[in-house]
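# Reading the structure
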Amino acid sequence: MEEVDVEPSTTVTVDLYSLSCKHLGFEWGPGDLLVYETNYKLQGPRSASSPSVHVVRRDEDICSPILRKLFNESHLIFVGLQKIKEDVPSKNKKSQFVSISKNYRSVIRACMEELQQNAVSTQEGSLASQYGDQVSILLAIELIWNLCEVLFIDAAPAGSLLLHLLDWVRLHKSDVDTRAREVLQSDSPAQHQSYWDVVISLVLQGRTDEARQVLSKQASLRAESSSVFKRMDVLLQNMPIFNPAGTQTLTEFDVKWRHWHEECDRCLQDNTFASNRHLETICKILVGDEDTLLEQRELLSTWYHFLVTRLLFTHPTIKPPDLHYYAQSSMNMFLGPRASPEPLDIILLSAFEFDLHQVIKDCSIALNNWWFVAHLTDLLDHCKLLQSHNLHFGSNLREFLVLEYASGLFTHHSLWQLAVDYFDHCPEFGRVYLELQIERVPLDTERKAIKVLRICEDRQMSEQVRSICKIMAKRALRNNRLGSALSWSIRAKDAAFATLISERFLQDYSNKGFFTDLDLLDNLGPAMLLSDRLTFLGKYREFHRLYGEKRFSEAARLLLSLMTAKIAPRSLWMTLLTDALPLLEQKEVIFSVDQTYELMSCLEELNLGTKDSNQTDQDEDIESTKTELLRLALARNLAMAIVKEGTIET
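Residues numbered from 1 in each chain as written. Predicted model: local features only at pLDDT ≥ 70, side-chain atom pairs only at ≥ 80, totals over all residues. Heavy atoms only, no water.

For the chain, an unreviewed UniProt entry supplies the name Nuclear pore complex protein Nup85 and the organism Cyprinus carpio. Of the chain, the UniProt comment under Subcellular location (unreviewed entry) reads exactly: "Nucleus, Nuclear pore complex". (UniProt positions renumbered as here; feature names shortened; annotations may be inferred.)

## Re the overall build of the chain
Of the regular secondary structure elements, the chain holds 31 helices and 4 strands. Scored against the burial criterion, the 650 residues of the chain give a buried share of 44%. (Helix = DSSP H or I, 4+ residues; strand = E, 2+ residues; numbered from the N terminus. Buried < 20%, exposed > 50% of the residue type's maximum accessible area, 1.4 Å probe, protein only.)

## Some points on the packing of aromatic side chains
In total, this model carries 26 aromatic pairs according to the counting rule given. Each ring, one from F242 and one from F253, has its centre 5.5 Å from the other, and the planes form 65 degrees; the classification is edge-to-face. Of this pair, F242 sits in the loop between α9 (226-238) and α10 (250-269) while F253 is found in helix α10, placing the two residues 11 residues apart along the sequence. For the pair shown, F242 and F253 are each scored as buried. Between W303 and Y304, the ring centres sit 5.8 Å apart and the planes meet at 80 degrees, which makes this aromatic pair edge-to-face. Judged by relative accessible area, Y304 falls into the buried class, the value being 13%. Each member of the aromatic cluster is reached from another via a ring pair, and the members are F515, F536, Y540, F543, Y547 and F552. Across the ring face of F334, the terminal group of R297 is positioned such that the distance to the ring centre comes to 5.5 Å. (Phe/Tyr/Trp six-rings, centres within 6.5 Å; stacked < 30°, edge-to-face > 60°. Lys NZ or Arg CZ within 6 Å of the ring centre and 35° of its normal.)

## Side note on helix α25 (residues 495-512)
An ideal rise of 1.5 Å per residue puts 26 Å on 18 residues; α25 measures up with 25 Å between its terminal C-alpha atoms. Residues F497, A498, I501, S502, F505, L506, D508 and Y509 constitute the buried set of α25. Buried positions along α25 lie against α23 (462-478), α24 (482-492), α26 (518-522), α27 (532-548) and α29 (573-584). Of the residues that open α25, the one with a side-chain oxygen 3.3 Å from the backbone nitrogen of A496 is D494. Among the residues trailing α25, G513 stands out with phi positive, at a value near 85 degrees. (Expected span 1.5 Å × (residues − 1). Contact = heavy atoms within 4.5 Å. Polar contact = N/O pair within 3.5 Å; in protein donor to acceptor, adjacent residues only side chain to side chain.)

## Brief notes about the pattern of salt bridges
By the definition in use, this model includes 30 salt bridges. For D254, the salt bridge identified is with R258, shortest N-O distance 3.1 Å. Of the two residues, D254 and R258 both sit in helix α10, 4 residues apart, roughly one turn of that helix. Residue R258 is classed as partly exposed on the basis of its relative accessible area of 47%. (Salt bridge = Lys/Arg side-chain N within 4 Å of Asp/Glu carboxyl O.)

## Side note on the packing of helix α15 (residues 323-335) against helix α16 (residues 343-352)
Helix-helix packing is described using two parameters, namely the angle between the two axes and the distance between the axes. The N-to-C vectors of α15 and α16 enclose an angle of 155 degrees; their axes lie 8 Å apart at closest approach. Here α15 lies roughly antiparallel to α16, going by the angle between them. Contact residues: α15 offers L323, H324, A327, Q328, M331 and L335, while α16 offers D345, L349 and F352. For the contact of α15 with α16, the per-class residue count stands at 6 nonpolar, 2 polar and 1 charged. (Axes fitted to C-alpha atoms, helices over the stretch in contact; angles between N-to-C directions. Parallel < 35°, antiparallel > 145°, perpendicular 65-115°, else oblique. Nonpolar A, V, L, I, M, F, W, Y, C, P; charged D, E, K, R; others polar.)

## As for the environment of M112
When you line up the elements, M112 lands in helix α3 (residues 94-121). Taking relative accessible area as the criterion, M112 reaches 3% and is therefore assigned buried. Residues M112 and I137, 25 residues apart in the sequence, show an inter-C-alpha distance of 9.3 Å. If we ignore the near neighbours within four places in the chain, the residues touching M112 are V135, L138 and L139.

## A short note on unusual backbone geometry
Of note in this structure, A155 is not a glycine but carries a positive phi near 50 degrees. If you trace the backbone, A155 turns up in the loop between α4 (125-153) and α5 (160-172). Despite not being glycine, Q460 has its phi angle at roughly 55 degrees, a positive value. By the element assignment, Q460 lies in the loop between α22 (446-458) and α23. Residue classification places Q460 among the exposed residues on the basis of a relative accessible area of 62%.

## Structural notes on the nonpolar core
Counting 191 residues, the largest nonpolar core has W168, L286, W303, F352, W371 and F372 as the members making the most contacts within it. Considering each element in turn, this core owes the most residues, 13 residues, to α4. Once residues lying within four places of it in the same chain are set aside, the contact partners of F372 are I141, I144, W145, C363 and L367. (Core = buried A, V, L, I, M, F, W, Y, C linked by side-chain atoms within 4.5 Å.)

## Concerning the environment of V176
In this structure, V176 sits in helix α6 (residues 175-184). Relative accessible area serves as the criterion here: at 1%, V176 is assigned to the buried category. V176 sits 23 residues away from V199 along the chain, and the two C-alpha atoms are 9.4 Å apart.

## Digging into the packing of α6 against helix α7 (residues 195-204)
Where α6 meets α7, the closest approach of the two axes is 9 Å, and the angle between their N-to-C directions is 140 degrees. When the axes of α6 and α7 are compared, the pair comes out oblique. As for the relative orientation of α6 and α7, their crossing is left-handed in sense. Together, V176, R179, A180 and V183 of α6 and Y195, D197, V198, S201 and L202 of α7 make up the contact between the two elements. The residue makeup of the contact of α6 with α7, split by class, is 6 nonpolar, 1 polar and 2 charged. (Left-handed = near helix turned anticlockwise from the far one by under 90°.)

## Points about the confidence of the model for the chain
Close inspection of predicted coordinates is inappropriate for parts of the model with low pLDDT. On average, residues of the chain score 82 in pLDDT, and 85% of them are at 70 or above. Here residues 1-21 is modelled with pLDDT under 50, and outside its nearest four sequence neighbours on either side it reaches 20 contacts, counting other chains as well. Here residues 39-48 scores under 50 on pLDDT; set against residues more than four positions off or in separate chains, the count is 5 contacts. (pLDDT = per-residue confidence, 0-100.)

## Side note on helix α2 (residues 65-82)
The terminal C-alpha atoms of α2, which comprises 18 residues, lie 26 Å apart, in line with the 26 Å expected from a rise of 1.5 Å per residue. What α2 keeps buried is the set I66, L67, L70, F71, S74, H75, I77, F78, V79, L81 and Q82. Its buried side turned inward, α2 meets α3, α4, α18 (371-382), α19 (397-409) and α20 (416-424).

## Some points on the environment of S227
Looking at the element boundaries, S227 is found in helix α9. Overall, the relative accessible area of 52% leaves S227 in the exposed class. With 45 residues separating them along the chain, S227 and T272 place their C-alpha atoms 9.9 Å apart.

## Details of the side chain of D378
Within the secondary structure, D378 sits in helix α18. Judged by relative accessible area, which is 0%, D378 ranks as buried. In this structure the side chain of D378 is engaged in a polar contact, spanning 3.0 Å, whose partner is the side chain of Q82. Not counting the four nearest positions on each side in its chain, D378 is found in contact with F78, L81, Q82 and R398.

The structure is reproduced here in structure tokens:
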């Protein structure tokens, strides 16, 4: 099988005329797309070759052991989310939703860290590259999810919004901490080549206290310029930071921030820091000079970091509706006219524009599986943020994406069990999908079949229950496991198949002279009523059990009832009459006069019946001998029974 790598976002156009000429077929699967040739009448030397099958797109993530942990753990979070009561207003559940969102992100981060460790430790280059790609994807996923959590789930208001965005940037720009540790742990931090980069990076992230701590290393070495450093220290110390839990109103904070901003601007106009270009650069950053901020491209590294820093020093009380303007302009300024935005940039921009539908759509195209969009959309739907987005073909957006994700899980040999819960929580089409997918689960072992069967029985999927039981019954019968086959046919309530297996049991008994699977036969209970032949099998085994326990009278009554009630097939009448011989030969009279007459009647009826044309002379002689022995035993028993009953009467 040849694998063709195609970018998921690529749009493939197909000429319908050429397609019909080449006889190509397409088959969509949850994890891949197959393209195959359907024209088998090939000409020339290729005529002997088989048609090619191409895997155009394959979901490799589902095969990764580490990412399977992501699927397993997020499944538990998903199920927990569905249990939150619908009757509680969404506003009252906000803290729960934020907590669940953080749980999802912690699972992503845990998988990301494990992948990074594996990428470092592995010796195989291709595997390390694969781990690296998966880390990049998870980084992007966590970045988008975190932003959606800030903007939509937590829905932070003005003032708090910027604080959340700063946390978002700091979390995803953690290399600053690594470099800061390197500088501070060096022999001479102030002389370190990355010293000023660290100071400026900390300021760009609004971490003024840490920036002051690092700046103090430089100030202690330069006594002649200590006043300049002290002035910068005061500016950084006085920078107002909004406290949502405090008593200060947003208006009061804005007034205080503007006073501080004017003070920074005066220092710049007075050339207070002209003697030190690094401090002057920091001061320009504090006043929000856009040219200076853009000069720090390497330290900012992304346009959205530039956006948050720009807002921090120009508009810290930004309101959510105004974000889109600053986001668009920041991206244009940072990337410049020549660079085109990446898919991740487009997705983040859509989030800043509060276009949830576009975020989900772009993520569905750009990412390589449905995990992210399914779980994020489900959470957003619980937050009542997707009410207006319904699809034309019946299911809403949330259900559509969850169904797609769950269908993909069903292609995996163990993850299919998780998919069941996802289908259960899709009220419109979930059951239909489950019924279709459950039939495709390969029943490799009896244990797996029982798992599938239990799932179907719990959901009253009677058609699937019958189908599974029939498959397993036929497989067991092919392997000559009669007990297992009978057990499955009883669960399937398949009377015809139960009859067939009962016949095999009786045939097996005729050949071996004893029954197998006694535990099953002794405990059939009401299940033996499924078919006449199964009833006979159960009762016939009960006769043998009674005989073995020396309960001869009960055994005799049961044996006689099997024949007189016509439950026993005629082909086995001679066998049953032969089974009566030991009872007839007992010293104590077992069969009464009436019962003996009934046995005689059955024997004569059997002898008057149609002879088997395939019977050999030897078989006829054996049958004739049995008949004579039975007649003799019956006559002797009749005489004894008459004497016994006559004696009792007198």
